[in-house]
Amino acid sequence: MTHEVETMLAAALDATATAAVPDDRRVPPFIGVGAGEPAVRGRRPWASPLLAAAAVAVVAVGAAVTVAAVRAERQSPAGTSLPSPLPGVSSQHVPSGSGSAPTSRPTSQAPSGAPHSAAPQSPFDLGFQPLWPFRDLQEATAWRVAHQSTGVQPWHSDAGQTALSFTQGYLGLRAIDTVTSTSIDQDGAHIGVGYRDPNGGLRTSAVLHLVRFGPQSDAPWEVVGSDDTSFSLEHPDYGSTVTSPITVGGHITGVDESITVTVRQIANPAPLGRTCCTPAGGVNSPWTVSVSFSGATDDVLTVLATTGGHLMAVERFTIQGVRTRS
Amino acid sequence: MAAGELNVAALYTAHWRQMVRFAVLLVEDVATAEDVVQDAFVALYRHQHQLRSIDAAMGYVRAAVVNGSRSVIRKRQTGRRRLVLAGPEFGAGADYEVLLAAEHREAVQALRRLPRRQREVLVLRYWSGSSEAEIAATLGISTGSVKSAASRGIATLEKRLGGRR
């Protein structure tokens, strides 16, 4: 009887598989992705309107006012607080792909040496959520003034080092230690950060978007978001006002992924909230998780989602800037 | 190793049909099976440098298909999608099943009622023709567990199918 069932099962499986996928079924094209380069699923929802607005501004009044053109779409970050210490940045890695070579590496020192009164009353508006390292224009201007006189913390002038310091120092993703790509245009800087796999291949974990915090060409870089890749964080909306708990979600392409979400603010070295190990996977599959947080004092929070567990604990990440008050 | 010489696109073209057939036996519907297989080859593309040998590539894909299928089923079981596979509640089969002979349809439906591991082992054994060692490697279990799952699965099928004859 066992043999009979085995024979029947084998025949049934064969018939089922062939009926589902006949021999004449055409093989669809393989949608591969470049090694170390996440498949681009599209930029964040806020990117297109901003780019469009920027383009209009370029045509109308020239590149010098491009940033101002997007003001109307974003609320102005509060700009009255004094510069304060930043979370620890202890990176000892020099970005391999960054352009200029700062004279010293990122430190944990805040740009607090500059006189607060040096901050000019400027109509400049960042146009994005200021995630790190400065909370507002005054902090950024204070660093710029101090840097001009004493050369303090030159890494703020380097988009690659700022992106890497943000990743390692602020987000705490120490194993992501390499700048994998650099693209700077009038939209800002798009910096790929990642790691080398055991065979020396370069893997991109995220592409961070940075803009200069100030109208001057030597204004420091500020991280304002990440470009969507095969792992995205789309909810809550960029710049939306949130309260705890937040329903966080997006899309992911991958196999056996495990998503961890944390909420951070500049004022605290530790996360305000965290939820771990949500299973996910598939092709452009939606994912969602609820995360609670407490102790928020900054106007702007960074929501971080990470996934990994195949090669490294964290292989890819994405961020979203949200607000605690409108 | 030659992982750097791996031509994933060629492997995909050569094995796509077989892998989708394999996946459809685990997840039931063809569209999902195609997604799972596409995912598996993308994973191979990304992780090819970690493979010990080119021969390991299809073993990797097979395991990724199993894992991807489990993820799909897990999602369905959490209620986000229709419940299709495991459990006595599962309903009508997929469209292509109308093409099957009654006894084949009955056998496949009985298979789908088996616990996940037994189902996976039987598909690998009686459709893929994998050895116990290969099944163990694909599922990440011991050969003893493979034998045990296969034995229990066949015994259950005997009871269900034999009782109706």
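Residues numbered from 1 in each chain as written. Chains lettered and ligands numbered in written order. Predicted model: local features only at pLDDT ≥ 70, side-chain atom pairs only at ≥ 80, totals over all residues. Heavy atoms only, no water.

## Here we look at the overall build of chain A
Heads up, the condition is: Each helix is a run of H or I in the DSSP string that is no shorter than four residues. Each strand is a run of E no shorter than two, and both are numbered from the N terminus. The classification of residues rests on relative accessible area computed with a 1.4 Å probe and restricted to protein chains. Under 20% of the type maximum is buried, over 50% is exposed, and intermediate values are partly exposed. Contact between two residues is taken to exist if any of their heavy atoms lie within 4.5 Å; hydrogens are not considered. Surface exposure here means Shrake-Rupley accessible area, sampled with a 1.4 Å probe, where a residue is shielded only by the protein chains that are shown.
Counting its secondary structure elements, chain A contains five helices and eight strands. The 326 residues of chain A split such that 54% are buried. Relative to all contacts within chain A whose residues are 6 or more apart in sequence, the contacts with residues 24 or more apart total 63%. Put simply, chain A shows about 13,000 Å² of open surface, and 55% of that area lies on carbon and sulfur atoms.

## As for the confidence of the model for chain A
Residues and elements named next belong to chain A. For clarity, the threshold we go by: Scored from 0 to 100, pLDDT reflects the predictor's confidence in each residue.
Of all residues in chain A, 71% attain a pLDDT of 70 or more, and the chain-wide mean is 74. Per-element averaging of pLDDT across chain A places helix α3 (residues 66-69) at the bottom with 33 and strand β7 (residues 300-307) at the top with 96. Note on residues 33-120: pLDDT is under 50 here. Beyond four places in sequence and across chains, it has 178 contacts.

## So, the sheet that holds strand β2 (residues 188-196) of chain A
All names here are of chain A. Cut-off, in case you're wondering: In this description, strands pair whenever DSSP reports at least two bridges between them. Between N-to-C directions, angles span 0 to 180 degrees; the directions come from axes that are lines fitted to C-alpha atoms, helices contributing only their stretch in contact.
The four strands are arranged β1-β2-β3-β4 in an open sheet whose pairing can be described as antiparallel. Since the sheet does not close on itself, it has two edges, and those belong to β1 (178-185) and β4 (221-227), each with one partner. Strand after strand, the sheet turns through a mean of 30° between neighbouring axes, direction not considered. In terms of strand pairing, β2 meets strand β3 (residues 202-212) through eight bridges, oriented antiparallel. Bridge pairing in β3 places H190 opposite H209. Contacts between helix α5 (residues 159-170) and the sheet are confined to β1, β2, β3 and β4, with β2 contributing the most and set at about 55° to the helix.

## Some words on unusual backbone geometry
All names here are of chain A. Geometrically, the link from W132 to P133 is a cis peptide bond, its omega value of 5° lying close to zero. Geometrically, the link from H235 to P236 is a cis peptide bond, its omega value of 0° lying close to zero. Summarising the element assignment, P236 is placed in the loop between β4 and β5 (246-264). Its identity as a non-glycine residue notwithstanding, Q153 has a phi of 45°, on the positive side. Mapped onto the elements, Q153 comes out in the loop between α4 (137-150) and α5. Residues other than glycine seldom take positive phi values, yet N284 does so here, at roughly 50°. Of note, N284 is situated in strand β6 (residues 273-291).

## A look at the pattern of salt bridges
For clarity, the threshold we go by: Salt bridges are defined as contacts in which a side-chain nitrogen from Lys or Arg sits within 4 Å of a carboxyl oxygen from Asp or Glu.
For the coordinates displayed, the defined rule picks out ten salt bridges over all chains. One salt bridge connects D23(A) with R21(B), and the closest N-O pair in it is separated by 2.6 Å. Taken together, the residues span two chains, with D23(A) in the loop between α1 (2-20) and α2 (47-61) and R21(B) in helix α1 (residues 8-27). Taking the shortest distance from any N to any O, the salt bridge between D218(A) and R144(A) comes out at 2.6 Å. Residue D218(A) is located in the loop between β3 and β4, and its partner R144(A) is located in helix α4; the two are separated by 74 residues in the primary sequence.

## Concerning the state of the cysteines
Each disulfide consists of one covalent bond between the sulfur atoms belonging to two cysteines. Residue and element names in this part refer to chain A. Our working definition: Our working definition of a disulfide is a cysteine sulfur pair at a distance within 2.5 Å.
Taken as a whole and assessed by the stated rule, the structure comprises one disulfide over all chains. Here C276 engages in a disulfide with C277; their sulfurs sit 2.0 Å apart. On the basis of relative accessibility, which here comes to 36%, the residue C276 falls in the partly exposed class. The exposure class of C277 is partly exposed, given its relative accessible area of 45%.

## As for the nonpolar core
Nonpolar side chains in soluble globular proteins tend to be buried together. Here is the rule: In this text, buried Ala, Val, Leu, Ile, Met, Phe, Trp, Tyr and Cys residues form a nonpolar core when linked through side-chain atoms within 4.5 Å.
Of all hydrophobic cores here, the largest spans 62 residues; its most connected members are F22(B), F41(B), L44(B), V65(B), L122(B) and L157(B). Those elements that provide at least two residues to this core are α1 of chain A together with α1, α2 (30-47), α3 (56-77), α4 (102-112), α5 (116-126), α6 (132-139) and α7 (143-162) of chain B. The dominant element in this core, judged by the number of residues it contributes, is α1(B), at twelve residues. Beyond its immediate chain neighbours, meaning those up to four positions away, F22(B) contacts R62(B), V65(B), V66(B), V123(B), L124(B), W127(B) and S128(B). Grouped together as the second largest cluster of nonpolar side chains are 26 residues, W132(A), L208(A), L210(A) and I266(A) included.

## A word on the pairing of β5(A)
Residue and element names in this part refer to chain A. Judged by how many residues are buried, β5 sits mostly within the fold: 15 of 19 residues are covered. By the bridge criterion, 14 bridges tie β5 to β6 in an arrangement that is antiparallel. In the strand pairing of β6, V263 is matched with G273. Looking at chain direction, β5 and β7 are connected through five bridges and run antiparallel. From the neighbouring strand, R264 faces β7, where its bridge partner is T302.

## Topic: the interface of chain A and chain B
Condition: As used here, buried area is the combined drop in accessible area, with a 1.4 Å probe, of two parts when they are placed together. Whenever two N or O atoms come within 3.5 Å, that pair is a polar contact, provided that in protein one can donate a hydrogen and the other can accept it, and provided that, for residues adjacent in sequence, both atoms are side-chain atoms. The classification used treats Ala, Val, Leu, Ile, Met, Phe, Trp, Tyr, Cys and Pro as nonpolar, Asp, Glu, Lys and Arg as charged, and all other residues, Gly among them, as polar.
Contact with chain A, which involves 50 residues of that partner, is made by 48 residues of chain B. Taken together, the two surfaces of chain A and chain B that pack against each other cover about 4,300 Å², and 65% of this comes from carbon and sulfur. Three residues stand out in chain A for area buried against chain B, namely M8(A), L13(A) and F30(A), and they jointly supply 16% of the buried area on that side. Applying the counting rule to chain A against chain B returns two salt bridges. For the pair chain A and chain B, the number of links is twelve residue pairs in polar contact (both at pLDDT 80 or more). Counting only elements with at least two residues in the side of chain A that touches chain B, the list comes to α1, β5 and β6 of chain A. The element that contributes the greatest number of residues to the side of chain A that touches chain B is α1(A), accounting for 17 residues. Of the residues that constitute the side of chain A that touches chain B, the class distribution is 28 nonpolar, twelve polar and ten charged.

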